[in-house]
Amino acid sequence: MANVAVLNMAGAQVGTIELNDAIFGIEANEHVMHLAVVQYLANQRQGTQSTKTRAEVRGGGRKPYRQKGTGRARQGSIRSPQWVGGGVVFAPKPRDYSFKLNKKVKRLALQSALSTKVAEGKIIVLDELTLSEVKTKEMVKVLGNIKCDNALIVMDGSNENVMLSARNIPTVKTASVNTINVYDLLKYNNLVVTKEAVEKIQEVYA
């Protein structure tokens, strides 16, 4: 099992923690991580785009001019796709882009992403993360203490002061154990996680 230093909010080491190799020490599977990211992005799509086909555009019921003798190309309707204001040939319509992944695949992808962070030395474990008030300045100070400016912060539960304090920092995102996903784990350079959250992750995803 890998041993990782446990830091306090001042950036000083206060102990170590053992990480479960079944979650934090597996060989990363890039294919399933790719599938998980594609699924996450696809599920975020609204799929509400819609344009009109030539059957739905108003007008164009009359032939614009006679078939022969004008010297121009024959036309049957001013709402044909080649006309300005005409319909769209293969018009996009509302659709659902979401798809499902098997539970085992999703779990393997998450374990692979977590293992990648450990292998790259980009996981920071804090003994606790609490703020007495909502203050972005204090959150920036904590991140400066642990030498981290681009991070996904994972907590055991929802800490409103921490979440609101980190909300205005563009390179930081907060999450709880049950809301972490592969996309966010790969997007942010570092994973900052509390000691309680590590224990909960190992309990839930083992």
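The shown structure was predicted, so the numbers you read here are calculated from the model rather than taken from an experiment.

### A closer look at the pairing of strand E2 (residues 13-19)
Phase 1: In terms of strand pairing, strand E1 (residues 2-7) meets E2 through 6 bridges, oriented antiparallel. Bridge pairing links Val6 to Gly15 in E2.

### Quick notes on the pattern of salt bridges
Phase 1: By the definition in use, this model includes 3 salt bridges.
Phase 2: A salt bridge links Lys93 to Glu56, with the shortest nitrogen-to-oxygen separation between them at 2.8 Å. Residue Lys93 is located in the loop between helix H2 (30-44) and helix H3 (103-119), and its partner Glu56 is located in the loop between H2 and H3; the two are separated by 37 residues in the primary sequence.
Phase 3: Classification of Lys93 as partly exposed rests on a relative accessible area of 31%.
Phase 4: Of the residues examined, Glu56 reaches a relative accessible area of 40% and is grouped as partly exposed.
Phase 5: For Asp184, the salt bridge goes to Lys173, with nearest N and O atoms at 2.8 Å. One end of the pair, Asp184, is in helix H6 (residues 182-187); the other, Lys173, is in strand E5 (residues 172-176), and 11 residues separate them in sequence.
Phase 6: A relative accessible area of 4% means that Asp184 is categorised as buried.
Phase 7: Accessibility expressed as a relative area gives 29% for Lys173, which makes it partly exposed.

### So, the sheet that holds E2
Phase 1: Taken together, the 6 strands give an open sheet; going across it, the order is E2-E1-E3-E6-E4-E5, and neighbouring strands pair in mixed fashion. Two strands close off the open sheet at either side, each with one partner strand: E2 and E5. Averaged over all pairs of adjacent strands, the angle between their axes in this sheet comes to 30°, without regard to strand direction.
Phase 2: Strand direction decides the pairing type here: strand E4 (residues 151-155) and E5, joined by 5 bridges, are parallel. Looking at the pairing, Val154 lines up with Ala175 of E5.
Phase 3: Those strands touched by helix H7 (residues 195-204) are E2, strand E3 (123-126), E4 and strand E6 (190-194), and its axis lies near 95° from that of E6.

### Looking at the domain arrangement of the protein chain
Phase 1: For the protein chain, the domain assignment lists domain 1 (1-44 + 97-203) and domain 2 (49-92).
Phase 2: Domain 1 and domain 2 are separated by 55 Å when their C-alpha centres are compared.

### Some details on helix H4 (residues 136-145)
Phase 1: Here H4 has its buried residues at Met139, Val142 and Leu143. Within H4, the buried residues cover an arc of 95° as seen down the axis, which keeps them to one side. Exposed positions of H4 whose direction lies more than 90 degrees from the buried face are Lys137 and Lys141.
Phase 2: Those residues of H4 that are buried are in contact with E4, helix H5 (160-166) and E5.

### Quick notes on unusual backbone geometry
Residues apart from glycine generally show negative phi values, whereas peptide bonds are mostly found in trans.
Phase 1: The phi dihedral of Lys147 is positive, around 55°, even though this residue is not glycine.
Phase 2: Of note, Lys147 is situated in the loop between H4 and E4.

### Focus: the packing of H2 against H3
Phase 1: Running from N to C, H2 and H3 cross one another at 110°; their axes reach a closest spacing of 8 Å. Classed by the angle they form, the pair H2 and H3 counts as roughly perpendicular. Together, Val32, Met33, Ala36 and Gln39 of H2 and Val105, Lys106, Leu108, Ala109, Ser112, Ala113 and Thr116 of H3 make up the contact between the two elements.
Phase 2: Tallied by class, the residues present in the contact of H2 with H3 amount to 7 nonpolar, 3 polar and 1 charged.

### Side note on the environment of Ala91
Phase 1: As for its position among the elements, Ala91 is in the loop between H2 and H3.
Phase 2: Taking C-alpha positions, Ala91 is 50 Å from Val125, a pair spaced 34 residues apart along the chain.
Phase 3: Other than its neighbours up to four places away in sequence, Ala91 contacts Thr51, Lys52 and Thr53.

### Quick look at the packing of aromatic side chains
In this description, an aromatic ring pair is defined by two values, namely the gap between the centres and the angle between the planes.
Phase 1: Applying the stated criterion across every chain, the model contains 1 aromatic pair.
Phase 2: Ring centres of Tyr40 and Tyr183 lie 4.9 Å apart, and the angle between their planes is 15°; this geometry places the pair in the stacked category. Remark: Tyr183 occurs in helix H6 and Tyr40 occurs in helix H2; sequence separation between them is 143 residues.
Phase 3: Take Tyr183: its relative accessible area is 25%, and that puts it in the partly exposed class.
Phase 4: Sitting over the face of the ring of Tyr97, Arg45 holds its NZ or CZ atom 3.6 Å from the ring centroid.

Reading the values: the criteria
- Residues numbered from 1 in each chain as written.
- Predicted model: local features only at pLDDT ≥ 70, side-chain atom pairs only at ≥ 80, totals over all residues.
- Heavy atoms only, no water.
- Pairing = 2+ DSSP bridges.
- Helix = DSSP H or I, 4+ residues; strand = E, 2+ residues; numbered from the N terminus.
- Salt bridge = Lys/Arg side-chain N within 4 Å of Asp/Glu carboxyl O.
- Buried < 20%, exposed > 50% of the residue type's maximum accessible area, 1.4 Å probe, protein only.
- Axes fitted to C-alpha atoms, helices over the stretch in contact; angles between N-to-C directions.
- Contact = heavy atoms within 4.5 Å.
- Domains from an automatic or database assignment.
- Arc of directions from axis to C-beta.
- Parallel < 35°, antiparallel > 145°, perpendicular 65-115°, else oblique.
- Nonpolar A, V, L, I, M, F, W, Y, C, P; charged D, E, K, R; others polar.
- Phe/Tyr/Trp six-rings, centres within 6.5 Å; stacked < 30°, edge-to-face > 60°.
- Lys NZ or Arg CZ within 6 Å of the ring centre and 35° of its normal.

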